[in-house]
Amino acid sequence: MRTVLSYLLAYKFRMLLGFLLKISGTLAELVLPLIMAHMIDNVVPTRSIADLTLWGVLMLACAVAALLGNVWANRMASKVAHDTTQRLRADLFAKTLSLSASQTDRATIPSLVSRLSSDTYNVHNMIGMMQRLGVRAPILLIGGVALTFTVDPVLALVLLVSVPFLTLIVIWVSKKGIVLYARLQRSVDTMVRKVRDDYTGIRVIKALSKTRYESDTFKQINQEVVKNETSAGVTTGITSPTMNALLNLGMTAVIFVGAYRVSGGHAMVGDIIAFTSYFTVILNAVISVSRIFVNFSKGGASAKRIQDILCLPEELLTLKEQSLSADSSEACAQTDASYTSAAKASYSQRENAFSVPAFKENLRARGASDGNSEFIRFEDVSFSYNGVPALRHISFCIGKGESLGIIGGTGSGKSTLVALLIRFYDPDEGRIFIEGRDIRAYDRASLRKKFGIVFQNDFLMAASIGENIDFERELPFSALSAAAQYAKADSFIAEHGGYNELLTARGSNFSGGQKQRLLIARALAGGPEILILDDSSSALDYKTDAQLRRALPEHFPDTTIIMIAQRISSVRFARHILVLDQGEAVGFGRDEELMRNCGVYRSIYSSQHEKENEGGLYNAGA
């Protein structure tokens, strides 16, 4: 809740004005029964038209004041709720993008999605309701009870008998509700995760005839959600009926006692009517209070979940930051984030800032250092996922402009090694250097600008081909076209209508090989110092794969290339080959060296050699 309150401070003056308007409107509303009682008991018997008109106009003025005050206050409350939630959602999204990979793993993607959607929605409702009813309901409740004493103290005491019981109900519901709604949100996270996984793998599910199994699994998860919804709903749902019952009993007692007092001459008819009006006001106020506490239970639980993410500390600190954090505790940092989208000119209309040769020359200028010097070095690096070792004591180095192939079985640690190099994670032991500098000495933005990356499960946007290659970097068209040419994507781009052709969601209107080449073009377009291809040739035919392998060293001689692959033909011509087996480096060298000295490498070669030689394609890249 502290986080939400800190966001509300930005709107404190607007909220103060809204509270004043709400108080004014509510007080005007409270005066109406007193005016009505006076008119019935004192003005009507006189039959004075002037007095009736005067008091009627006063009553009308109070009604209008109550209407205008409440309407304007509600509009301001709605605006505050919208603006606060917008900032909160933007900052939460920005925070999720800045989380380390381990933090994302712990939080889980479905949970983050749920916090951005349903949790922010609950907080929005809580903020709005607290402003609309959080002021009005207590004033109506306290003011109504106070005014009943001015009308008839005896009847007011009858009414107050139910107050302790109402208070106990509210306290119990608010305490119990937060726990129940937090449990409900966790079960919703599980359901979101299941839906996402099934939708992602829908083709596999259908191909393996697992639709019934997945439906049954979802049914169980859905039942858990319903169970938690029911528990929370039953707990909070008893509030209004119980309060209504208590207040109705009180109303019955008030009418019974009031009738005796009127017949005994101790009270007037107008007073009884005013009292019943105040009783109705009090009843509605109590119901509103119960709604506030129910909504607060939901919003409070959601605000806690959002705060947990916003206040996560930075895990991947630079060496300088680590030194500073040793002397002081780190506070929860909140970042104002804003995203602006600007209309882009058609790629075919962009100024061709420089030619393809100029693009290549720009790359060479960036790699002026000695290509044989030590550029990337792993020094006794070990890493574990949740205590399970993924890499053990990895050490090697490669020079600038050299190529490194990484090969090994599934789960051998290939992608993990790259994740450490990009600094998605920090090693448990050892150090990683780029250009002789510990990667922790770089800020993450500067470090990652060095890379062009194609991941195993990379994504394409539902946007144009040009926008997908550019990826919001505002690169000149020549860089996009050159990268597409080197990635062997230019021919099918032309066949599909050029760079303005739109991709459908996940690029479903392109083949797997075409999508991989678009992703490679994206990685090349920025002129990276280090190009990482994580199994990016898996959907390419052998001929295209071979052509791409020849093109990269030719056109990017100063770019250090790291290739992760399942098939040995994709890495055998690399300057260095790292062989991983169950997280350990079991071989490092050239193809011919490994064929002599590394049994794991020979085994991989033997298992793939026969298949890759079919069609005479194995030596296509020689």
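Residue numbering note: each chain is counted from 1, following its sequence as written. Per-residue local features of the predicted model are confined to residues with pLDDT of at least 70, and side-chain atom pairs are confined, for both listing and counting, to 80 or more; whole-chain, interface and lining totals are unaffected and use all residues. Excluded from the side-chain calculations are hydrogens and water; all other atoms, namely the structure's heavy atoms, are used.

**Q** Whenever I open this one, the overall build of the chain confuses me. Can you help?
**A** Secondary structure elements are defined from DSSP: runs of H or I of at least 4 residues count as helices, runs of E of at least 2 residues count as strands, and each element is numbered from the N terminus. Per the secondary structure count, the chain includes 22 helices and 10 strands. Think of it in three bands: residues with accessible area under 20% of the maximum for their type are buried, residues over 50% are exposed, and the middle band is partly exposed, with areas taken using a 1.4 Å probe on protein chains only. Out of the 622 residues in the chain, the part that is buried amounts to 46%. Intrachain contacts of the chain at a sequence separation of at least 6 include 78% that bridge at least 24 residues. Working rule for contacts: check all heavy atoms of both residues, and any pair within 4.5 Å makes them a contact.

**Q** Sorry, what's going on with a nonpolar patch on the surface here?
**A** Residues Leu16, Leu20, Ile23 and Leu27 make up a contiguous nonpolar surface patch of about 340 Å² in total accessible area. Residue position: leucine 20 is located in helix 2 (residues 12-43). Overall, the relative accessible area of 48% leaves leucine 20 in the partly exposed class. Patches in this entry comprise residues that are over 30% relatively accessible and not in a salt bridge; like charges within 9 Å are linked, as are nonpolar side chains (Val, Leu, Ile, Met, Phe, Trp, Tyr) within 5 Å. Surface accessibility follows the Shrake-Rupley procedure with a 1.4 Å probe radius. Residue values consider only the protein chains on display as shielding. One side-chain nitrogen of Lys or Arg within 4 Å of one carboxyl oxygen of Asp or Glu is enough to make a salt bridge.

**Q** Help me out: how do you make sense of the confidence of the model for the chain in this one?
**A** Do not read the predicted coordinates in detail wherever pLDDT is low. What pLDDT conveys is the predictor's confidence in a given residue, as a value from 0 to 100. On average, residues of the chain score 79 in pLDDT, and 83% of them are at 70 or above. Confidence over residues 615-622 falls short of pLDDT 50; this stretch has 17 contacts with residues more than four positions distant or in other chains.

**Q** I would appreciate a short explanation of the nonpolar core in the present structure.
**A** Generally speaking, soluble globular proteins have nonpolar side chains that are buried together. The definition of a nonpolar core used throughout is a set of buried Ala, Val, Leu, Ile, Met, Phe, Trp, Tyr and Cys residues joined through side-chain atoms within 4.5 Å. Grouped together as the largest cluster of nonpolar side chains are 46 residues, with contacts concentrated most on Ile469, Ile493 and Leu524. Residues contacting isoleucine 469, with those up to four places away along its chain left out, are Leu480, Ala484, Ile493, Tyr499, Leu518, Ala521, Arg522 and Ala525. Residues Ala101, Ile394, Val418 and Ile530 belong to the second largest nonpolar core, which totals 33 residues.

**Q** Sorry, what's going on with the packing of aromatic side chains here?
**A** Any pair of aromatic rings gets described here by the distance separating the centres and the angle formed by the planes. Geometry of aromatic contacts follows a simple scheme: Phe, Tyr and Trp rings, the Trp one being its six-membered ring, pair when their centres are within 6.5 Å, and the pair is stacked under 30 degrees between planes, edge-to-face over 60, tilted otherwise. The tally for this structure, following the rule as stated, stands at 9 aromatic pairs. On the basis of an interplanar angle of 15 degrees and a centroid distance of 4.8 Å, the ring pair of phenylalanine 378 and phenylalanine 396 is categorised as stacked. In this pair, phenylalanine 378 sits in strand 1 (residues 374-385) while phenylalanine 396 sits in strand 2 (residues 388-399), placing the two residues 18 residues apart along the sequence. The residues phenylalanine 378 and phenylalanine 396 share a single accessibility class, namely buried. Between phenylalanine 383 and tyrosine 385, the ring centres sit 4.9 Å apart and the planes meet at 85 degrees, which makes this aromatic pair edge-to-face. Assessed through its relative accessible area of 5%, phenylalanine 383 is described here as buried. By way of ring pairs, the aromatic residues Phe378, Phe396 and Phe588 are connected into one cluster. Here, a charge over a ring means that NZ of Lys or CZ of Arg falls within 6 Å of the ring centre while also lying within 35 degrees of the ring normal. Note that arginine 377 overlies the ring of phenylalanine 433, its terminal NZ or CZ placed 4.2 Å from the centroid.

**Q** Teacher, can you tell me more about the pattern of salt bridges here?
**A** Between side chains of opposite charge, pairing is possible as soon as their charged atoms come close. Enumeration according to the criterion identifies 15 salt bridges in this entry. A salt bridge links lysine 304 to aspartate 308; the nearest nitrogen and oxygen atoms lie 2.9 Å apart. On the criterion of helical spacing, the pair formed by lysine 304 and aspartate 308 is a turn pair, its members being 4 residues apart in helix 11 (residues 269-310). Judged by its relative accessible area of 45%, lysine 304 is partly exposed.

**Q** Help me understand the packing of helix 17 (residues 477-486) against helix 19 (residues 512-525), please; the structure alone is not making it clear to me.
**A** For helices, the fitted line uses only the C-alpha atoms of the stretch in contact; every axis is such a line through C-alpha atoms, and the angle between N-to-C directions lies from 0 to 180 degrees. Put simply, helix 17 and helix 19 touch, their axes get as near as 8 Å, and they point 130 degrees apart. Taken together, the axes of helix 17 and helix 19 lie oblique to each other. Here the hand of the crossing between helix 17 and helix 19 comes out right-handed. The segment helix 17 lies against helix 19, with Ala479, Leu480, Ala483, Ala484 and Tyr486 engaging Ala521, Leu524 and Ala525. A per-class count over the contact of helix 17 with helix 19 returns 8 nonpolar, no polar and no charged. Should an angle fall under 35 degrees it is called roughly parallel, over 145 degrees roughly antiparallel, and 65 to 115 degrees roughly perpendicular, with every other angle called oblique. The hand of a helix crossing depends on one turn: near helix anticlockwise from the far one by less than a right angle means left-handed, and clockwise means right-handed. Each residue gets one label: Ala, Val, Leu, Ile, Met, Phe, Trp, Tyr, Cys and Pro are nonpolar, Asp, Glu, Lys and Arg are charged, and the others, such as Gly, are polar.

**Q** Quick question: what am I supposed to make of unusual backbone geometry here?
**A** For residues other than glycine, phi is negative in most cases, and the peptide bonds are mostly trans. The backbone of arginine 423 shows a phi angle near 70 degrees, a positive value even though the residue is not glycine. Note that arginine 423 resides in the loop between helix 14 (414-421) and strand 4 (429-434). Taking relative accessible area as the criterion, arginine 423 reaches 0% and is therefore assigned buried. With phi around 55 degrees, glutamate 435 is a residue other than glycine that occupies positive phi space.

**Q** What should I look at first to understand the pairing of strand 2 in this one?
**A** Residues in a regular strand point their side chains to alternate faces of the sheet. Of the pairings in the sheet, the one linking strand 1 to strand 2 comprises 8 bridges and is antiparallel in character. Each bridged residue has a counterpart across the sheet, and for valine 381 the counterpart in strand 2 is isoleucine 394. In this analysis, strands are considered paired if DSSP registers two or more bridges between them. Count of turn residues in the strand 1/strand 2 antiparallel hairpin: 2 residues, of which asparagine 386 carries a positive phi of about 50 degrees.

**Q** What am I meant to see in helix 5 (residues 109-151) here?
**A** One fewer than the residue count of a helix, multiplied by 1.5 Å, yields its expected span. Taking 1.5 Å per residue as the helical rise, helix 5 with its 43 residues ought to reach 63 Å, and the 59 Å between its terminal C-alpha atoms agrees with that figure. Two axes enter the definition of the bend at a residue: one is fitted to the seven residues ending there, the other to the seven starting there, and the bend is the angle between them. The largest bend in helix 5 comes to about 35 degrees, at arginine 115.

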